[in-house]
Amino acid sequence: MNGSRASVEQLTTGLLGTKTSDIDLLVLPPFVFLDQVQQLLKGSGIRMGAQNVDWRQEGAVTGEISALMLYEAGCQYCLVGHSERRGLFGETDEVVADKFAACQAHGIVPILCVGETLEERQGDATLAVVSRQIRAVIERVGTKGLEDAVIAYEPVWAIGTGQSATPGDASLVHGGIRAFIGAHDVTISGGIRIVYGGSVNPDNVAGLLAADDIDGALVGGASLDADKFAAICDVAATPAISAAQ
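If you're wondering where the values come from, they're calculated on a predicted model, not measured in any experiment. For every chain, the first residue of its written sequence is number 1, and the numbers climb from 1 along that sequence. Thresholds applied to this predicted model are a pLDDT of at least 70 for local features of residues and 80 or more for the giving and counting of side-chain atom pairs; totals over whole chains, interfaces and linings are not thresholded and use all residues. As a rule here, side-chain values come from all non-hydrogen atoms in the structure, and water together with hydrogens is ignored.

**Q** Explanation requested: the nonpolar core in the structure shown.
**A** Note on soluble globular proteins: their nonpolar side chains tend to be buried together. By nonpolar core we mean a set of buried residues, namely Ala, Val, Leu, Ile, Met, Phe, Trp, Tyr and Cys, connected to one another through side-chain atoms within 4.5 Å. Between buried and exposed lies partly exposed: a residue is buried under 20% and exposed over 50% of the maximum accessible area for its type, with that area taken using a 1.4 Å probe on protein chains only. Leu112, Ile134, Leu146, Ile151, Ile177, Ile181 and Tyr196 are the most contacted members of the largest nonpolar core, which has 61 residues in total. No other element matches helix H11 (residues 226–236), which puts six residues into this core. Note on contacts: a residue pair qualifies if any of its non-hydrogen atoms lie within 4.5 Å across the two residues. Excluding residues within four positions of it along the chain, tyrosine 196 makes contact with Tyr153, Pro155, Ala158, Ser164, Ala165, Ala170, His174, Leu208, Ile214, Gly216, Ala217 and Leu218. Numbering goes from the N terminus for both helices and strands, where a helix is a DSSP run of H or I of at least four residues and a strand is a run of E of at least two.

As structure tokens, this is what we get:
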């Protein structure tokens, strides 16, 4: 919940010169700025998505936004299960799975966010937590439903805190996620994109993206600064890193 029409224009236009031939780049603005951003992005190669969605197609649910509405607004992606939605608004694994299914039903690629709290991490429950969160989606849409999706590992303890998992720690969790999916379908586990989110910035992104099983970044606070976000994109587009993704 950041931004104004002026700041959104500044952020978006600041990315228009970013080279997108070697990376997939998308922005996820607040609902009220979707049309503005779509107009600014025309012909740029940068894609657009949304931060949230309701699982119902329509109805008396004042204030909510359906996947069909997002599709008609030009969204190609949508976050589901972000830790703030789970923590602040009580979204359960089952609700997240329903949102995941709603996105796919309307041609939107869901970005499934999974991650553990500090207490869960200290209790060595990280892989159990993220596996549970993914299992709920598999039970809703089947393993095949993950084929055209993105998974974002975002340790809750690293969001907005300035702390970030080390490349080794993040890689270990990403590998665990891939192994969990592989136990259901090895082909899908090998092809699914798993990105890291948790205080990603220009200083740590190279190490993260160079690590095994990390296929990209879900950028939070740094995305509010066009120069920092563009710098992250530039790192991702370097030959050694883009070739590994």
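Back to the text.
**Q** Hey, could you run me through the packing of helix H7 (residues 126–141) against helix H8 (residues 167–182) in this one?
**A** Between two packed helices, the angle of one axis relative to the other and the distance separating the axes together describe the packing. Between H7 and H8, the least distance of the axes is 10 Å, while the angle of their chain directions is 40°. By the criterion of interaxial angle, the relationship of H7 to H8 is oblique. Our pair here, H7 against H8, has a crossing hand that is right-handed. Along the contact surface, H7 presents Thr126, Leu127, Val130, Ser131, Ile134, Arg135 and Ile138, while H8 presents Val173, Gly176, Ile177, Phe180 and Ile181. For the contact of H7 with H8, the per-class residue count stands at eight nonpolar, three polar and one charged. Convention adopted: a line fitted to C-alpha atoms gives each axis, helices being fitted over their contacting stretch, and angles between N-to-C directions are expressed from 0 to 180 degrees. Any angle that is under 35 degrees is reported as roughly parallel, and any over 145 degrees as roughly antiparallel; angles of 65 to 115 degrees are reported as roughly perpendicular and all others as oblique. Two helices cross in a left-handed way if the nearer one is turned anticlockwise from the farther one by less than a right angle. They cross in a right-handed way if the turn is clockwise. Three categories are distinguished: nonpolar for Ala, Val, Leu, Ile, Met, Phe, Trp, Tyr, Cys and Pro, charged for Asp, Glu, Lys and Arg, and polar for the others, with Gly belonging to the last.

**Q** Explanation requested: the pattern of salt bridges in the structure shown.
**A** Salt bridge, as applied in this entry: a Lys or Arg side-chain nitrogen positioned within 4 Å of an Asp or Glu carboxyl oxygen. Applying the stated criterion to the full structure yields twelve salt bridges. Linking arginine 47 and aspartate 24 is a salt bridge whose minimum nitrogen-to-oxygen distance equals 3.6 Å. With arginine 47 in strand E2 (residues 47–50) and aspartate 24 in the loop between helix H1 (5–13) and strand E1 (26–27), the pair connects residues that are 23 residues apart, well separated along the chain. Its relative accessible area of 29% is what places arginine 47 among the partly exposed residues.

**Q** Help me out: how do you make sense of the packing of aromatic side chains in this one?
**A** Aromatic rings in a pair are described by how distant their centres are and how their planes are angled relative to each other. Any two rings among Phe, Tyr and Trp, with Trp reduced to its six-membered ring, count as a pair given centres within 6.5 Å; such a pair is stacked if its planes are under 30 degrees apart, edge-to-face if over 60, and tilted if neither. According to the stated counting rule, one finds one aromatic pair in the structure shown. Above the face of the phenylalanine 89 ring, arginine 85 is positioned so that its terminal group lies 4.0 Å from the ring centre. Two thresholds decide whether a charge sits over a ring: the Lys NZ or Arg CZ must be within 6 Å of the ring centre and within 35 degrees of the ring normal.

**Q** Help me understand the environment of alanine 128 in this model?
**A** Mapped onto the fold, alanine 128 is located in helix H7. For alanine 128, a relative accessible area of 53% puts it in the exposed group. Each C-alpha atom, one on alanine 128 and one on leucine 40, is 42 Å from the other, the two residues being 88 residues apart in sequence.

**Q** Mind showing me how you'd approach the pairing of strand E5 (residues 150–153) here?
**A** It is a general feature of regular strands that their side chains alternate between the two faces of the sheet. Neither face of E5 is open: one carries Val150 and Ala152, the other Ile151 and Tyr153, and all of them are buried. Pairing of strand E4 (residues 109–114) with E5 involves four bridges; the strand directions are parallel. Bridging from a neighbouring strand, cysteine 113 pairs with alanine 152 of E5. As judged from the four bridges shared by E5 and strand E6 (residues 193–196), these two strands associate in the parallel manner. Each residue of the ladder has a partner; that of isoleucine 151, found in E6, is isoleucine 194. Following DSSP output, two strands are said to pair if at least two bridges run between them.

**Q** Looking at this structure, how should I read the pairing of strand E3 (residues 77–80)?
**A** Where burial is concerned, the two faces of E3 agree: the one with Tyr77 and Leu79 and the one with Cys78 and Val80 are both buried. Pairing analysis gives two bridges linking E2 to E3, with the strands arranged parallel. Its bridge partner being in E3, glycine 49 is matched across the sheet by tyrosine 77. The path from the first strand over the helix to the second decides the hand: if it runs clockwise while the strands point away from the viewer, the crossover is right-handed. In the classification by handedness, the crossover that spans E2, the intervening helix H3 (residues 67–72) and the parallel E3 is right-handed.

**Q** Explain the side chain of threonine 126 here, please?
**A** Assignment of secondary structure puts threonine 126 in helix H7. Apart from residues lying up to four places away in sequence, threonine 126 is in contact with Glu116, Glu120, Arg121, Tyr153 and Val173.

Nothing here speaks to function; it is all geometry.
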